[in-house]
Amino acid sequence: QVQLVESGGGLVQAGGSLRLSCAASGRTFSRQAMGWFRQAPGKERRFVATILWSGTTYYTMYADSVKGRFTISRDNAKNTVYLQINSLKPEDTAVYYCAAGPLITTQEPGAYDYWGQGTQVTVSS
C-alpha cells in the first residue's frame, strides 16, 4: 500500500515558476518509477514526466510539450519526487497528479498503480 500526496500548486502568472512535491508513504521501493501527469478541464489525463532510479543512475523521460521547462527529480531518502516547472504558460494550467508503480519509465497511465489526489496549477496570462 502506497500513499502519494502532492503539494506546491497554486496560481502563478505566465513566465513564473513552481516546484511541485509528491511525498510517498507506505511500502515504497526506490527502484520503481514515479511520474507526473496532468489533466486540464474537459481534457484527458496526459503524461508529463517520469523518473526511475536504477541503483546507479536516474532515467528520466518528458513529454515534448514540457522539455526544457520542466525538471523531474527524486530524493530517495525522503521518498519524495519533485517537478520543477519554469517558464509557465497558460496551457500548463491543469491538475497535476503524482503516480508510482512501474519498473520502467513509461508514459502510459495504466502502468502506474498508485496516484495522488492532485494539485491545481493555474497560470494566468
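So, how was this worked out
- Residues numbered from 1 in each chain as written.
- Predicted model: local features only at pLDDT ≥ 70, side-chain atom pairs only at ≥ 80, totals over all residues.
- Heavy atoms only, no water.
- Salt bridge = Lys/Arg side-chain N within 4 Å of Asp/Glu carboxyl O.
- Buried < 20%, exposed > 50% of the residue type's maximum accessible area, 1.4 Å probe, protein only.
- Pairing = 2+ DSSP bridges.
- Helix = DSSP H or I, 4+ residues; strand = E, 2+ residues; numbered from the N terminus.
- Axes fitted to C-alpha atoms, helices over the stretch in contact; angles between N-to-C directions.

### Concerning the pattern of salt bridges
So, step 1. Per the stated rule, a full pass over the model turns up 3 salt bridges.
So, step 2. For Lys67, the salt bridge goes to Asp64, with nearest N and O atoms at 3.2 Å. For the pair Lys67 and Asp64, a shared accessibility class is recorded, and that class is exposed.
So, step 3. Taken together, the salt bridges that share partners define one network made up of Arg38, Arg69 and Asp92.

### Things to note about the sheet that holds strand S8 (residues 80–85)
So, step 1. Ordered by their spatial adjacency, 4 strands build an open sheet running S1-S3-S8-S7, and the pairing between neighbours is antiparallel. The open sheet has two free edges, formed respectively by strand S1 (2–7) and strand S7 (70–75), since each of these has just one partner strand. Going across the sheet, the axis of each strand differs from the next one's by a mean of 15°, ignoring polarity.
So, step 2. Where S7 lies against S8, 6 bridges are found, and the strand directions are antiparallel. Counted as the bridge partner of Asp75 is Thr80 from S8.

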